[in-house]
Structures are given as structure tokens and as C-alpha cells.
Amino acid sequence: MSKNLEKAVTIRFTRDDYSKLEFKAESEGTTIASIIRKSCLNYFEQQKIENHLTLMEQRQRQLLIEVISVMLNLNEDEKEEAIDRLIENGIKL
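Starting afresh in each chain, residues are numbered from 1 along the sequence in its written order. Local features in a predicted model are, by the rule used here, given only for residues with pLDDT of at least 70; side-chain atom pairs are given and counted only at 80 or more, and totals for whole chains, interfaces and linings are based on all residues. To obtain the side-chain values, all non-hydrogen atoms of the structure were used and water was disregarded.

Chemist: For this particular structure, what's the right way to read the overall build of the protein?
Modeler: Only runs of H or I of at least four residues qualify as helices and only runs of E of at least two qualify as strands under DSSP, and these elements are numbered from the N terminus. For the protein, the count of helices and strands is three helices and zero strands. Taken from N to C terminus, the helices and strands of the protein fall in the order α-α-α. The atom set for the radius of gyration is the C-alpha atoms, and the globule formula is 2.2 Å times the number of residues raised to the power 0.38. Expected size for 93 residues packed as a compact globule is a radius of gyration near 12 Å; at 24 Å, the protein overshoots this value by more than 25%. Seen through its C-alpha atoms, the protein measures out along the principal axes to roughly 65 × 30 × 25 Å. Burial here depends on accessible area, computed with a 1.4 Å probe over protein chains only, as a share of the maximum for the residue type. Under 20% is buried, over 50% is exposed, and the range in between is partly exposed. Relative to its 93 residues, the protein shows a buried fraction of 10%. Charged side chains of the protein number 14 positive and 17 negative; the gap between the two group centres comes to 12 Å. This count recognises Lys and Arg as positive and Asp and Glu as negative, with His and chain-terminal groups excluded. One atom stands in for each charge, and that atom is NZ of Lys, CZ of Arg, CG of Asp or CD of Glu.

This is how it looks when you write it as C-alpha cells:
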């Protein structure tokens, strides 16, 4: 990790959780702080991936609606009515 570490954070853990962190750090030959930093970075990356997946799901739903509308030859009013019906039946769009 080549970035300058400028801020400190205090975190309280149970004895059991601290022991797990200590064991993990010792087994990896690193510090508890390093383990916690890696965990935070992994969390941020996971959030980024989840956001991307959510956007992909939204695009897939929209594309699916467009494809089905074309296949059924629905005009805009019929398409909106079908969307409203799907939402009323609990389908997340």
C-alpha cells in the first residue's frame, strides 16, 4: 500500500472478534490495521460492483419490456398499460 496514511480511526471489537483479527494478521504476516484497511477497501469495491449490477438489471428490464412490446406489436398506450399491470402484480421494473 503506497498511499500516505494520514487519518487514524478507533474501532472497538469484542475480545473474540479481536482474537480473530489478531490470528488472521499473524497467519498472513501483517498487522491488524492492514487487515481492517483491506476489509474496508473490499467493502467499497463490493458496493461499486453492486451498483453496477443494479444498473445492469435496470437496463435488462427496460430492454425486455421493449422487446416484448415489439413482439406483441403494442403501441405506447398499451405498453404503459402493460407496465402498470406488471407493477400492480408485484413485478419490479
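What follows continues from the structure just given.
Chemist: Can you help me understand helix α1 (residues 15–28) in this one?
Modeler: Note: α-helices contain 3.6 residues per turn, so residues at a spacing of three or four share the same orientation. Working rule for helices: expected span equals 1.5 Å times residues minus one. For α1, spanning 14 residues, the distance from its first C-alpha to its last is 20 Å, which sits close to the expected 20 Å at 1.5 Å a residue. Looking one or two residues past α1, G29 carries a phi angle of roughly 65°, positive in sign.

Chemist: Which parts of the structure should I look at to understand unusual backbone geometry?
Modeler: With the exception of glycine, the majority of residues adopt a negative phi angle, and the majority of peptide bonds are in the trans configuration. For N73, which is not glycine, the phi torsion reads 55° and is therefore positive. Tracing the sequence through the fold places N73 in the loop between α2 (32–71) and α3 (76–88). On the basis of relative accessibility, which here comes to 67%, the residue N73 falls in the exposed class.

Chemist: How should the environment of N75 be read in this particular structure?
Modeler: Structurally, the position occupied by N75 is in the loop between α2 and α3. Of note is the side chain of N75, whose polar atom sits 2.8 Å from the backbone nitrogen of E78. Two N or O atoms form a polar contact when they lie within 3.5 Å of each other; inside protein one atom must be a possible hydrogen donor and the other a possible acceptor, and for residues adjacent in sequence the pair counts only when both atoms belong to side chains.

Chemist: So what exactly am I meant to see when it comes to a negative patch on the surface here?
Modeler: Patch membership needs two things, relative accessible area over 30% and no salt bridge, and members are linked within 9 Å if like-charged or within 5 Å if nonpolar (Val, Leu, Ile, Met, Phe, Trp, Tyr). For the area figures, the Shrake-Rupley method with a 1.4 Å probe applies, and any residue is considered shielded solely by the protein chains shown. A pair is scored as a salt bridge if a Lys or Arg side-chain nitrogen falls within 4 Å of a carboxyl oxygen belonging to Asp or Glu. Taken together, the side chains of D77, E78, E80, D84 and E88 present a region of like negative charge at the surface. If you trace the backbone, E88 turns up in helix α3.

As far as function goes, none of this settles anything; it's purely spatial.
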